[in-house]
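# Fold and contact review
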Amino acid sequence: MCGIYGEVARSPIDQARARSATDRLRHRGPDASGAWAGDGVFLGMRRLSIIDLAGGQQPIWNEDESCCIVFNGELYNFIDLRRELQGHGHVFRSRSDTEVVLHAYEEWGTDCLRRFNGMFAIAIWDGPRRRLFLARDRIGEKPLYYYRDGRRLVFASEIKAILAHPKVPRELNPRGLVNFLAFGHAVAPETIYRDIHKLLPGHYLVVRDGDVRIVEYWDVGQDGQAPSGENPSEEEHEAHIRSLLDDSVRLRMTADVPVGAFLSGGVDSSAIVALMTRHAAGSVKTFSLGFPGGGAYDELADARMVAQHFGTEHHALRVEHADLVHTLRTLVYHYDEPFGDPAGFPVYMLSRFARDHVKVVLAGDGGDELFGGYRRYAVDRFAPLYQRLPATLTGTVIPALVERFPRLRRTKRSLQTLPIPDPARRYPSWLMLFSPAMEAELLEGGRYDAVAGYDPAEHYSQYYHRMNGQTASDHLNRLMYVDVKTWLADAYMEKVDKATMACGLEARLPLLDHRLVERAFQIPGRYKIRGRSMKRIFKRAVRDLVPASVLRKPKHGFSVPLDPWFRGELKRFSFEVLLDERTRRRGYFNAAFVERLWREHVDGRQIWDAHLWQLLNFELWHRIYLDGESV
């Protein structure tokens, strides 16, 4: 696991400056650094040593030193690929998975990517062809950003390293701002910065003689199809899920350092820990976190019960008195872009806690997107029925009734979304925070005019219509496909990667093994959600692994007490930042509208905590990355 940085340019590269940019990624790789420079090319890395601690130093060369690689991630099937490559005559100097990636590229070219099981961002300088090859894993677990103009291409694992280049402008991308307000994160390939882009998952990029070519090498529905005419039963699908998950966990426990697991007490993390205990040589270390107040903010009791059931070495962190402001500033720095998912806060704190004990953790992300774990999937099925109700009910009576109860946020969202007839347009509305109407009121005239006609939801709608494969006609699977291509990659993978790597901790996600993803999209939606039963087929596949109480536990994510924070510990700070004269002078937002949101929330008249968190993150990001304020 590493942080990588590099440049290709038409002019000589300042090596000292490029090495300094690489060191901006030291938190991702605190164990070692390495670099190589040639004629108009530079490759640098910071290493977090996980595999082959002594011999895996990067950059790594092939036998005749014609190709060079820096690599961020893990190749889980590297041992099998190494044997195959040795059979083709390749000679290895180390035991590292990075060297296997390089030789696989030598042997199979860009088709090597189809053979990899892993999470990765790859950079290879191919000397004989004088080309740079960049690639990102199928699901997008590892990030890879790039900037290019007519004279250079600069890439890195994190944007902060790219911004260290003096020729890279620090300018706001207006469409990036609209994307952030709508969804709380960047919508790849765009970022919040003008001219800095993110390579999409399942894509590679080739630079040769100044020309840039981007190719998609994988998508759900292209690979892993069941044989033509085969129609597996529900029980057969369950058996495949169980077998693939077991093998995925086994592969992701490969390391030369201690491996633990995040444990919430939910079905995903519990199933992973159950399988880890079967493959581990000793006791498995597990880690959980909770906030004061109980309820949705504290899953420590559930996690403790599961840990006791499996006999893990359990570590629990109760966040009684967090330095919210300092931690928030730190997170804003590490995310590089404004990031609206408050769950990044507990993931970071839990990662910092776990890093005192292990270097690698397994986590349960991805199960909801594959097997139907979100309530919106179930509710969306009722859209046609809701649209047939009398207009007086849907347009007046029901909304007026719900408006009397500010805390019924999910119900309000449903009433705003269910009336939309086109399912491809309806689904992004489930995910939007600032609706188009709210954005129009929030953005000042000039800022709004700059993005007139731009629709951030169109990106999501295109994916809804794009899905192919066996279950392409299945509405539920289409919704989950949209999530895998957008929400999962842009929000959740970003959250996990940046929060864990900020602490020098590697997170591995067994549920996102591409074989399991491909299998999940061969399963009809009726097996995933039936009545009020969510993730039905996954729960059946692991029902003998976990306690029955885990299977019955209601779904809720990594909940953060934003609502009480903005009425308490963040009340004064948020007012001083959001309505500061410096903030007002920027001219992005209508200050009167922002103040209304703030006052309605702190007075308890409405719940705007997520909106305030988003605006607070944007302003702190602006101060750090555009104003140059220190963290």
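Going by the structure above, here's the rest.
Residues numbered from 1 in each chain as written. Predicted model: local features only at pLDDT ≥ 70, side-chain atom pairs only at ≥ 80, totals over all residues. Heavy atoms only, no water.

Before going further, it helps to spend a moment on the layout of surface pockets. When its volume is computed, the second largest pocket comes out at roughly 370 Å³. The wall of the second largest pocket is formed by 19 residues, among which Val 8, Ala 9, Arg 10, Asp 209 and Gly 210 lie closest to the centre. Those elements that provide at least two residues to the lining of the second largest pocket are strand E1 (2–9), strand E9 (152–156) and strand E11 (203–208). Here the lining of the second largest pocket is composed, by residue class, of six nonpolar, four polar and nine charged. (1 Å grid on protein atoms, 1.4 Å probe; cavity = no way out; pocket = protein on both sides within 12 Å on 5 of 7 lines; lining within 4 Å. Points joined across faces, edges and corners; volume = space filled by probe spheres on them. Helix = DSSP H or I, 4+ residues; strand = E, 2+ residues; numbered from the N terminus. Nonpolar A, V, L, I, M, F, W, Y, C, P; charged D, E, K, R; others polar.)

Note that soluble globular proteins tend to have their nonpolar side chains buried in a common cluster. Counting residues in hydrophobic clusters, the biggest one holds 193 residues, and the most contacted among them are Leu 113, Phe 116, Ile 122, Phe 371 and Phe 589. At 14 residues, helix H20 (residues 475–501) tops the list of elements feeding residues into this core. In contact with Phe 589, other than residues within four places in its own chain, are Leu 177, Leu 181, Leu 442, Leu 443, Glu 444, Val 594, Leu 615 and Phe 618. (Core = buried A, V, L, I, M, F, W, Y, C linked by side-chain atoms within 4.5 Å. Buried < 20%, exposed > 50% of the residue type's maximum accessible area, 1.4 Å probe, protein only. Contact = heavy atoms within 4.5 Å.)

Before going further, it helps to spend a moment on the pairing of strand E3 (residues 41–47). Counting buried residues in E3 gives seven out of seven residues, a clear majority hidden from the surface. Side chains Val 41, Leu 43, Met 45 and Arg 47 of E3 all project onto a buried face; the interleaved residues Phe 42, Gly 44 and Arg 46 project onto the opposite face, where all are buried too. For E1 and E3, the ladder comprises seven bridges, and the chain directions are antiparallel. Looking across to E3, one finds that Cys 2 is bridged to Arg 47. As paired elements, strand E2 (residues 32–38) and E3 share seven bridges and run antiparallel to each other. Across the sheet, Ala 37 pairs through a bridge with Phe 42, a residue of E3. (Pairing = 2+ DSSP bridges.)

Before going further, it helps to examine the side chain of Thr 191. The residue Thr 191 is located in the loop between helix H5 (174–183) and strand E10 (196–198) in this model. A polar contact is formed between the side chain of Thr 191 and the backbone nitrogen of Tyr 193, at a distance of 3.1 Å. Filtering out sequence-adjacent residues up to four positions away, Thr 191 remains in contact with Tyr 145, Ile 159, Asn 173, Gly 176, Ala 186, Ile 196, His 197, Lys 198 and Glu 337. (Polar contact = N/O pair within 3.5 Å; in protein donor to acceptor, adjacent residues only side chain to side chain.)

Here we come to empty space enclosed by the protein. Going through the model one piece at a time under the given rule, you end up with 11 cavities of 30 Å³ or more. Computed from the structure, the largest cavity encloses a volume of approximately 130 Å³. Forming the walls of the largest cavity are 13 residues, and the residues nearest its centre are Leu 578, Thr 583, Arg 584, Phe 589 and Val 594. Secondary-structure elements contributing two or more residues to the lining of the largest cavity are helix H26 (581–586), helix H27 (591–602) and helix H28 (609–626). Within the lining of the largest cavity, the residues separate by chemical class into eight nonpolar, two polar and three charged.

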